[in-house]
Structure formats: structure tokens, C-alpha cells
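Architecture at a glance
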Amino acid sequence: MEKYPLGYDVLAREYYDPFHKTCRNFDLTTIKAIENNPVSIPDHGLVLEVGCGRGRCIEFLGIEPTRVVQLDYSTKMLSIEDREPSLLRMHADATSVPIFKEQFSTVIGFLVDPFIGLNFLSEAFRLLTPGGFLFFTTPTEEWGKPLRDTLEMEASFSRFLTKDGDTVMVASTLISDDRLNGMLQHSGFRNIKITSHCLPEEADPVSPDIQRVADEKGISVNDLPIIHLIAAEKP
Ligand SMILES: C[S@@+](CC[C@H](N)C(=O)[O-])C[C@H]1O[C@@H](n2cnc3c(N)ncnc32)[C@H](O)[C@@H]1O
């Protein structure tokens, strides 16, 4: 089967450019959300960062790089030169990681919508030590679904317009907080905490794809939840 993450091979050279306003708005929203809802990352053990891209564990959470194993399915995303340092980089699918169980105190992922689902959650559970901590972010359904409906796109894809004017489609599953909660419980996680976050007022520029949904709903762009923060523990 063709793997859609190959779209990220195409995007890697410009994914972190300010041109991609929605991603940059997600970054700012994540930083502010974590500032306002501090996350208690275990202070020991290895951290697996899934769908790492250039790596965000230092920038967003201040984690010591010698603890971090970066994992991504796209070799191009894993090869971005301007990246966070790490202990190790791993080219693998986050839903099927070829290493033994219970090796990480923490599994972290920022914007895991390309591979979110029961396979990813059960794999994260398998890789965590007992008492281990899962923390990830994902775009909200209340933002993405109306956008994809308006653009007449398939519900399980996201589209990137590149600097060259091309369109790149990548897999992206959006899940409501209720369903996420059920899926985490089903996968064995406990102490689940899911919060939703809106674009901070200082965001400039605002992504037209976020503005459009806020306008359709008749609300301020700062009142539209665009990012979920999810934390859970393996008993
Ligand atoms: C939206 S980007 C986020 C990148 C990074 N976490 C960040 O926030 O800057 C999603 C990342 O997930 C990676 N990815 C997609 N499918 C994957 C899979 N099945 N397993 C691991 N990584 C995957 C992509 O290559 C890409 O780097």
C-alpha cells in the first residue's frame, strides 16, 4: 500500500517555513496551551517522540535531548538539518515500531493526526514502561471537519499548498474528544486528560483556513478550538 506520509517527504523542505500559516498557528497555540496547562513529564527514562519532524521536545517541553529518541516515517522529515538534537533517530511507522516493549517512560507526539488511531495508541501503550506517560497534540474535529466539508475534501486528508503552488495531500484523521477518550481507555490508558485550545490573540498572521471556519461559525478566530492536548498514563 502506498504510504501517505510520503507527502511529508515532499513537504519536508518547507514544512517549517512561515509560509505554512496553519502549522505556525498550531505551534503558537501549542506553546501557549502548555504554558497555561503545565505538563508533568517524568524526569527519568527515555522519551520516544513520534512523528517528530525536526523534533519539538526541547522547544515545547524543555526535555533533555540525551533522553529523546526521534521517530518518523518520512526520511526527509528525519533529515531536516535544522533540527533538535537527540539521542537517536529512528525511521519507523509509529503504529508498528520494531523494538521491544516497555522501553520508554514517555511517548510524546505533536500533531499526530497522520497516524492517530487504535494502532498508534496500543503501540504507545506497548512501548511505555508501567506508570509511563503519553502526551500528544492533534488538530480538533470542530475546526478541521467544517473546513474539509467546505473545501469538498475527503474527511481523512489534509491538504498543503506548497510555495511552488502544488497541492500535497497527507493522511489526517480528526477525532472528537469523547471518542479520543474512549479510544485511550480501550487501549488501557488511565488518568486521561483532554483539553482544547484556541489560537492566542497575538497570532499574526492568522491562517485563512482557521479564519474561514471561524467566519462560517460566526465566532472570533480566538474562540475556535483548534488543538487538543492529550495526556494519559499507563497503569
Ligand atoms: C504534522 S507533522 C508534525 C511534525 C512535528 N511533530 C511537529 O509538530 O513539528 C506530522 C509528522 O508525522 C510524520 N508521520 C506521518 N505518518 C507517520 C507514521 N505512520 N509514523 C511515524 N511518523 C509519521 C510525518 O512524516 C511528519 O513528520
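Quick look at the structure, then. (Residues numbered from 1 in each chain as written. Predicted model: local features only at pLDDT ≥ 70, side-chain atom pairs only at ≥ 80, totals over all residues. Heavy atoms only, no water.)

**With respect to the sheet that holds strand S4 (residues 104–109)**
Under the convention used in this document: Paired strands are those between which DSSP finds at least two bridges. Helix and strand definitions here come from DSSP, where helices need a minimum of 4 consecutive H or I residues and strands a minimum of 2 consecutive E residues; each element is numbered from the N-terminal end. Whenever a helix is involved, its axis is fitted only over the stretch in contact; in every case the axis is a line through C-alpha atoms, and angles between N-to-C directions fall within 0 to 180 degrees.
One open sheet holds the 7 strands; their spatial order is S3-S2-S1-S4-S5-S9-S8, and the pairing between them is mixed. In the strand order of this sheet, the two ends are held by strand S3 (88–91) and strand S8 (190–198), each with one partner. Across the sheet, the axes of successive neighbouring strands diverge by a mean angle of 15 degrees, strand direction being ignored. The pairing of strand S1 (residues 47–50) with S4 spans 3 bridges and is classified as parallel. Its bridge partner lying in S4, Val47 is registered against Thr106.

**What about the site of the ligand?**
Basically, it comes down to this: Note on definitions. A residue lies near a molecule or strand when any single heavy atom of the residue is within 4 Å of it. Whenever a nitrogen or oxygen atom comes within 3.5 Å of another N or O atom, the pair is scored as a polar contact, on the condition that within protein one atom can donate a hydrogen and the other can accept it, and that pairs from neighbouring residues in sequence are kept only if both atoms are in side chains. Basically, the charged four are Asp, Glu, Lys and Arg, the nonpolar ten are Ala, Val, Leu, Ile, Met, Phe, Trp, Tyr, Cys and Pro, and anything else, Gly included, counts as polar.
As a structural note, the neighbourhood of the ligand is formed by 20 residues, with Tyr16, Gly51, Arg56, Asp72 and Phe110 the closest of them. Here a nitrogen atom of the ligand sits 3.2 Å away from a polar atom, N or O, in the main chain of Tyr73. In the model, a nitrogen atom of the ligand is placed 2.9 Å from a nitrogen or oxygen of the Asp93 side chain. Grouping the amino acids of the shell around the ligand by side-chain chemistry returns 14 nonpolar, 3 polar and 3 charged.

**Details of the packing of aromatic side chains**
We count it as follows: Stacked, tilted and edge-to-face pairs are distinguished by plane angle, under 30 degrees for stacked and over 60 for edge-to-face with tilted covering the rest, among Phe, Tyr and Trp rings (Trp via its six-membered ring) whose centres lie within 6.5 Å. Burial classification: accessible surface area is computed with a 1.4 Å probe over protein chains only, and a residue below 20% of its type maximum counts as buried, one above 50% as exposed, and the rest as partly exposed. Sitting over a ring, as applied to charges here, requires NZ of Lys or CZ of Arg to be within 6 Å of the ring centre and within 35 degrees of the ring normal.
Using the criterion set out here, one finds 10 aromatic pairs in the structure. The interplanar angle of 65 degrees and the centroid separation of 6.2 Å between the aromatic rings of Tyr8 and Tyr15 together place this pair among those described as edge-to-face. Exposure class is identical for Tyr8 and Tyr15. Each is buried. Taking 6.2 Å as the distance between ring centres and 75 degrees as the angle between the ring planes, the aromatic pair formed by Tyr8 and Phe160 counts as edge-to-face. With a gap of 152 residues between them, Tyr8 in helix H1 (residues 6–11) and Phe160 in strand S6 (residues 157–161) connect regions that are remote in the sequence. The burial state of Tyr8 is the same as that of Phe160; both residues are buried. The structure contains a cluster of three or more aromatic residues connected by ring pairs, namely Tyr8, Tyr15, Tyr16 and Phe160. Positioned above the aromatic ring of Tyr15, the side-chain terminus of Arg24 is 5.7 Å from the ring centre.

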